Amino acid sequence: MERLPSWVRQHLAALRALLVLTLLTGAIYPLLVTGVAQALFNGKANGSIIEKDGKPVGSSLIGQSFTDADGKPIARYFQSRPSAAGDGYDPTSTSASNLGPEDIIDTLPVPGAKDDEGNPDEGTQSLLTQVCTRSKAVGELEGVSGARPYCTADGVGAVLKVFPDRAVSVNQACPATPFTPTYKGLPVECGKPGEDYAAGRTVPIRGNARAVVPADAVTASGSGLDPHISVAYAELQAPRIARERGLPIDRIRNLINTNTTPRALGFMGEPAVNVLQLNLALDKA
Amino acid sequence: MNPTLAGILFIGALILALALVHRPLGDYMYRVYTSPRHLGVERLMYRLLGVQPDTEQKWSVYARGVLAFSAVSLLVLYGLQRLQDKLFLSVGMEPVTDHIAWNTAVSFVTNTNWQAYSGESTMGYLVQMSGLAVQNFVSAAVGMAVAMALVRGFARKSTDQLGNFWVDLVRGTLRILVPIAFVGAIVLVSGGLIQNFADPHTVNTLAGAQQTITGGPVASQEVIKELGTNGGGFYNANSAHPFENATSWTNWVEIFLILLIPFAMPRTFGKVVGDVRQGYAIVAVMGTLALLSVVLTNTFELAHNGTVPQAVGAAMEGKEARFGIMNSATFGAATTLTSTGAVNSFHDSYTALGGMMTMFNMMLGEVAPGGVGAGLYGMLMLAVITVFVAGLMVGRTPEYLGKKIGSREIKFAALYFLTTPILVLVGTALAMASPEHRASMLNTGPHGLSEVLYAFTSASNNNGSAFGGLTVNTPWYDVALGLAMLFGRFLPIIFVLGLAGSLARQSPVPASAGTLPTHRPQFVGMVVGVTVILVALTFLPALALGPLAEGLQ
């Protein structure tokens, strides 16, 4: 040992230090935590699994999609928020959309065109159009107005590309009727798929719509697994649930109340309704 | 309660809690790093290491210890990832690709925890628990050790001895990080974080589909991820994932853990240099910058300017319902003000100016309050630069804590400050110069530039959070960001230790009428000013092309 050059000795000490500290922090510590956690908080340490009729149906902390095989909302269940995790609420692929606040221009699908893998070209929806589409769909499902600022009546982002002689509603694929016939005296055209409008000036049009559908109903969460919706979104859905299930609306409102997690200590976070627990309670009602 | 009031109380409760604990914790850490006595288990560890705990080291030996330990850590962590399928507890994961394994190994050894991979589909439990989480502990302990060496440089006179790296490393881990982490982990499990070794298993959901419920030793890793200002999540969604951050109050606890040690270290500094007022001055600088940033981030997110946030009616994209806007913004500010980089909401979808704040926080150089250890030594470097600037104004040799800031000292401080901007700006320029690397951007226009600028800012400052849209698991980004993290961590450490060495050699000059007092509000204001001006001068052109161009349309 003493005869080794000092730099070798130093690295040997480093390796030993790493091994000793790995034993401490990478084995003893996590195992000890696991032991105590399993003993004291067994249910929570194992994922807060909820059972129905003796079978696990999920975790009270992990959101689920309440849609049928075609992805259509199941009308007798409260609906969760949109999700960017895989095909929706996939815990093996957690994710946010990561789209920015000015992501407002779609790439329209070109009819008949194929992508590299031979699938039909589906284009890319901007975040704005996703928000507008969701808002319109939620409005239709709940029988309220799905209109929003910066959205067209057909549920895409109301965005113009303005050129000296004309303006183009870039998210409305032809033959759609543009949401406004003129912009500052210029004629407005529908968007031609595949055409490059990058040279135009981008002008989103706010319009005078007021949103009825709550914010959390039209946005994807950070994890893609958000188990909650806002109280406002739950209340928006209550009349539909009451109708579908033939239950009085007050009963539904009661269930929403009992499945709402209030702010911790009165000031932490936001009140939020646990969708899976609420739907389970409905099934029992 | 009104949501804005609740959000303000949330911040107020954090400030109150930190104010209550920073003194006892700072005093405790002072005793840990200065006590001559070794615990029995520590003596055993030193014997296993083959080191003499009572011999002290000069700065170059101390630095070689840091580098040797980090180099060995890098190799072992790389190997562990590449061989995970041959070892146990891999839960069926394939060996990690070479460039991702390199990037991840550098990332965790440098306390960055940039994640080019998705945890739930790449890393088995063994790599997470005995590779990544171990580095969460020891890289934090290395940062604290280096900070203590610098503090000893200020406190000691006419010596070349700065302490013993192995002792600092072992004590920081064993006496500070492990006990707090253990208690914190149990607290977090009580809130719903998981802690098990179950394989991922499938359940039939209420709607009749299938869902895979993941498992893992999450809580034990989550707590040190925050406490050690590391930030690398067990899952891709990081602290937004309900298994990593189950409730609105675990969210508070996690922010508290992030800020706990960085805000207590100035107290330790004050005790070691024998004047707690010096520590209060440093903590005041950190606190001022942090509070300004938290308030601005919250304000921008609440105002929700920008087309999509206006259409939605709130900056809710990428945020969890249980946290809401303000608690997400507060987490976002805390995680970037420290070098943590954990996220409970996705910065890429923040408003343009809110997202800019998270980037600006990192550009401050991770000093307000910065990473564990790294924040203190970074802030002391800025204090050195400040007394130098002040000295130039009045035309006398600057001094700080009785030590002259001569040409050798200011060279180390200047090199320290220049390292990260060079890495950030050169790295971003290289990426933007190539169409192939530009193609990694998810968003177009100024927001795309923000994604790349954010990536290099985050890597070079060892933060590790991301504007997640950028596709970074390409060989070029993995290697380039890996190098940015490596140089962004170890070059500054060498300059810090070099400065510590030359400070320790000096004998203190007695304070005179011309000495700038460094414990008064005047000095606090000067350090805040110097920090903001330096950062603004360095990064304003880049910010103007990215988030400012987007946000001020």
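What you see is a predicted model, and the numbers here were worked out from it, not measured in a lab.

A few points about the overall build of chain B
(1) Moving on: Scanning chain B from N- to C-terminus turns up 19 helices and four strands.
(2) Moving on: Judged by the C-alpha coordinates and their principal axes, chain B covers about 80 × 60 × 50 Å.
(3) Moving on: Within the span of chain B, comprising 553 residues, buried residues form 67% of the whole.
(4) Moving on: About 17000 Å² of surface is accessible on chain B, with carbon and sulfur atoms providing 67% of the total.

Points about empty space enclosed by the protein
All names here are of chain B.
(1) Moving on: For the structure on display, the rule yields six cavities of 30 Å³ or more.
(2) Moving on: Looking at the largest cavity, its volume works out to about 300 Å³.
(3) Moving on: In terms of lining residues, the largest cavity is bounded by 24 residues, among which Gly365, Glu366, Tyr416, Thr420 and Asn461 are the most central.
(4) Moving on: The greatest single-element share of the lining of the largest cavity, amounting to six residues, is contributed by helix α14 (residues 374-394).

Structural notes on the sheet that holds strand β5 (residues 182-183) of chain A
Residue and element names in this part refer to chain A.
(1) Moving on: Ordered in space as β5-β6-β4-β3-β7, the five strands form an open sheet in which the pairing is mixed. The open sheet has two free edges, formed respectively by β5 and β7 (201-204), since each of these has just one partner strand.
(2) Moving on: Pairing geometry for strand β4 (residues 167-173) and strand β6 (residues 186-191), over four bridges, is parallel. Bridge pairing in β6 places Ala167 opposite Val188.

Side note on the nonpolar core
(1) Moving on: Ranked by size, the top nonpolar core spans 190 residues in total, and within it Phe69, Trp166, Ile261 and Tyr400 of chain B carry the most contacts.
(2) Moving on: With sequence-adjacent residues up to four places away left out, Trp166 of chain B is seen in contact with Gln10, Ala13, Ala14 and Ala17 of chain A together with Tyr46, Leu49, Val51, Gln57, Gly65 and Phe69 of chain B.
(3) Moving on: Membership of the second largest hydrophobic core comes to 48 residues, among which are Leu127, Tyr150 and Val218 of chain A together with Ile325 of chain B.

Thoughts on helix α1 (residues 3-34) of chain B
Residue and element names in this part refer to chain B.
(1) Moving on: Relative to the 46 Å expected for 32 residues at 1.5 Å per residue, α1 spans 46 Å between its end C-alpha atoms, a close match to the ideal helical length.
(2) Moving on: In the structure, α1 departs most strongly from a straight axis at His22, where the bend amounts to approximately 35 degrees and where the proline Pro24 lies between one and four residues downstream.
(3) Moving on: The backbone nitrogen of Thr4 lies 2.7 Å from a side-chain oxygen of the residue at the head of α1, namely Asn2.

Quick look at the pattern of salt bridges
All names here are of chain B.
(1) Moving on: Enumeration over the complete set of coordinates arrives at 19 salt bridges over all chains.
(2) Moving on: Between Glu222 and Lys225 there is a salt bridge whose closest N-O contact spans 3.1 Å. Within this pair, Glu222 and its partner Lys225 are both found in helix α8 (residues 218-227), separated by three residues, close to a single helical turn.
(3) Moving on: One salt bridge in this structure joins Asp275 and Arg277, with 3.1 Å as the shortest N-O distance.
(4) Moving on: Several salt bridges share partner residues, and in doing so they unite Glu222, Lys225, Glu226 and Glu244 into one network.

Thoughts on the interface of chain B and chain A
(1) Moving on: Taken together, the contacts link 101 residues of chain B with 94 residues of chain A.
(2) Moving on: Interface area lost by chain B to chain A is led by Leu206, Thr307 and Glu317 of chain B, which between them contribute 10%.
(3) Moving on: Joining chain B to chain A, the criterion identifies zero salt bridges.
(4) Moving on: Where chain B touches chain A, the interface holds 37 residue pairs in polar contact (both at pLDDT 80 or more).
(5) Moving on: The greatest single-element share of the side of chain B that touches chain A, amounting to 12 residues, is contributed by helix α7 (residues 165-191) of chain B.

Quick notes on helix α17 (residues 445-460) of chain B
(1) Moving on: Helix length check: α17 of chain B, at 16 residues, gives a terminal C-alpha distance of 23 Å against a target of 22 Å (1.5 Å per residue), a fit within 8%.
(2) Moving on: Buried residues dominate α17 of chain B, accounting for 14 of its 16 residues.

Description of the pairing of strand β1 (residues 201-204) of chain B
All names here are of chain B.
(1) Moving on: Summarising the sheet, β1 and strand β2 (residues 210-213) pair through four bridges and their orientation is antiparallel. Bridge pairing in β2 places Val203 opposite Gln211.
(2) Moving on: Taking the residues between adjacent antiparallel strands as the criterion, β1 and β2 are bridged by five residues, where Gly208 takes a positive phi near 90 degrees.

Some words on the environment of Thr338 of chain B
Residues and elements named next belong to chain B.
(1) Moving on: Residue position: Thr338 is located in the loop between α12 (324-337) and α13 (352-363).
(2) Moving on: Classification of Thr338 as buried rests on a relative accessible area of 0%.
(3) Moving on: Measuring from C-alpha to C-alpha, the distance between Thr338 and Asn462 comes to 9.7 Å, with 124 residues separating the pair along the chain.
(4) Moving on: Those residues in contact with Thr338 that sit more than four places away from it in its chain are Thr229, Ile258, Leu259, Pro262, Glu366, Pro369, Gly370, Gly371 and Asn463.

Structural notes on the sheet that holds strand β8 (residues 228-229) of chain A
(1) Moving on: The three strands lie next to each other as β8-β10-β9 (chain A), forming an open sheet whose pairing is antiparallel. Strands with a single pairing partner mark the edges of an open sheet, and in this sheet they are β8 and β9 (260-261) of chain A.

Comments concerning unusual backbone geometry
(1) Moving on: Cis geometry marks the peptide bond from Cys174 of chain A to Pro175 of chain A, where omega comes out at 10 degrees.
(2) Moving on: For Pro175 of chain A, the location among the structural elements is in the loop between β4 and β5.
(3) Moving on: The omega torsion of the bond from Ala368 of chain B to Pro369 of chain B falls at 5 degrees, within 30 degrees of zero and hence cis.
(4) Moving on: Relative to the helices and strands, Pro369 of chain B is located in the loop between α13 and α14.

Things to note about the state of the cysteines
All names here are of chain A.
(1) Moving on: On inspection of all chains with the given rule, the structure shows two disulfides over all chains.
(2) Moving on: In this model Cys132 forms its disulfide with Cys151; the gap between the sulfur atoms is 2.0 Å. Negative torsions about the S-S bond denote left-handed disulfides, and the value of about -80 degrees found for Cys132 with Cys151 makes this one left-handed. In this pair, Cys132 sits in helix α3 (residues 127-142) while Cys151 sits in the loop between α3 and β3 (159-162), placing the two residues 19 residues apart along the sequence. For the pair shown, Cys132 and Cys151 are each scored as buried.
(3) Moving on: Bridging Cys174 to Cys190, the disulfide has an S-S length of 2.0 Å. Between Cys174 and Cys190 the disulfide shows an S-S torsion of about 100 degrees. By sign, it is right-handed. Of this pair, Cys174 sits in the loop between β4 and β5 while Cys190 sits in strand β6, and the two are 16 residues apart along the sequence.
(4) Moving on: The exposure class of Cys174 is partly exposed, given its relative accessible area of 31%.
(5) Moving on: Exposure remark for Cys190: the relative accessible area of 14% places this residue in the buried category.

As for the packing of aromatic side chains
All names here are of chain B.
(1) Moving on: For the coordinates displayed, the defined rule picks out 17 aromatic pairs over all chains.
(2) Moving on: Relative to Tyr400, the ring of Phe154 has its centre 5.3 Å away and its plane inclined at 85 degrees; by these criteria the two rings are edge-to-face. Residue Phe154 is located in helix α6 (residues 125-155), and its partner Tyr400 is located in strand β3 (residues 399-400); the two are separated by 246 residues in the primary sequence. Here the two residues Phe154 and Tyr400 agree in accessibility, since each one is buried.
(3) Moving on: The structure contains a cluster of three or more aromatic residues connected by ring pairs, namely Tyr62, Phe69, Phe165 and Trp166.

Notes on the UniProt feature "transmembrane region" (unreviewed entry) in chain A
(1) Moving on: Taking the UniProt record as the reference, the feature "transmembrane region" (unreviewed entry) is found at residues 12-32 of chain A.
(2) Moving on: Taken end to end, residues 12-32 of chain A is 100% helix and 0% strand, and its two terminal C-alpha atoms sit 29 Å from one another.

Focus: the confidence of the model for chain B
(1) Moving on: On average, residues of chain B score 94 in pLDDT, and 100% of them reach the 70 mark or higher.
(2) Moving on: Here the complex is predicted with pTM 0.96, and the ipTM for its interfaces comes to 0.95.

As for a nonpolar patch on the surface
(1) Moving on: Together, Leu418, Ile422, Val426 and Leu430 of chain B give the surface a local cluster of nonpolar side chains, amounting to about 370 Å² of exposed area.
(2) Moving on: Mapped onto the fold, Leu430 of chain B is located in helix α15 (residues 407-433).

Parameters and conventions
Residues numbered from 1 in each chain as written. Chains lettered and ligands numbered in written order. Predicted model: local features only at pLDDT ≥ 70, side-chain atom pairs only at ≥ 80, totals over all residues. Heavy atoms only, no water. Helix = DSSP H or I, 4+ residues; strand = E, 2+ residues; numbered from the N terminus. Buried < 20%, exposed > 50% of the residue type's maximum accessible area, 1.4 Å probe, protein only. Areas by Shrake-Rupley, 256 points an atom, 1.4 Å probe, with all protein chains shown as cover. 1 Å grid on protein atoms, 1.4 Å probe; cavity = no way out; pocket = protein on both sides within 12 Å on 5 of 7 lines; lining within 4 Å. Points joined across faces, edges and corners; volume = space filled by probe spheres on them. Pairing = 2+ DSSP bridges. Core = buried A, V, L, I, M, F, W, Y, C linked by side-chain atoms within 4.5 Å. Contact = heavy atoms within 4.5 Å. Expected span 1.5 Å × (residues − 1). Bend = angle between axes of the 7 residues up to and from the residue. Polar contact = N/O pair within 3.5 Å; in protein donor to acceptor, adjacent residues only side chain to side chain. Salt bridge = Lys/Arg side-chain N within 4 Å of Asp/Glu carboxyl O. Buried area = accessible area lost by both parts, 1.4 Å probe. Disulfide = S-S within 2.5 Å. Phe/Tyr/Trp six-rings, centres within 6.5 Å; stacked < 30°, edge-to-face > 60°. UniProt positions renumbered as here; feature names shortened; annotations may be inferred. pLDDT = per-residue confidence, 0-100. Patch = residues over 30% accessible without salt bridge, like charges linked within 9 Å, V, L, I, M, F, W, Y side chains within 5 Å.

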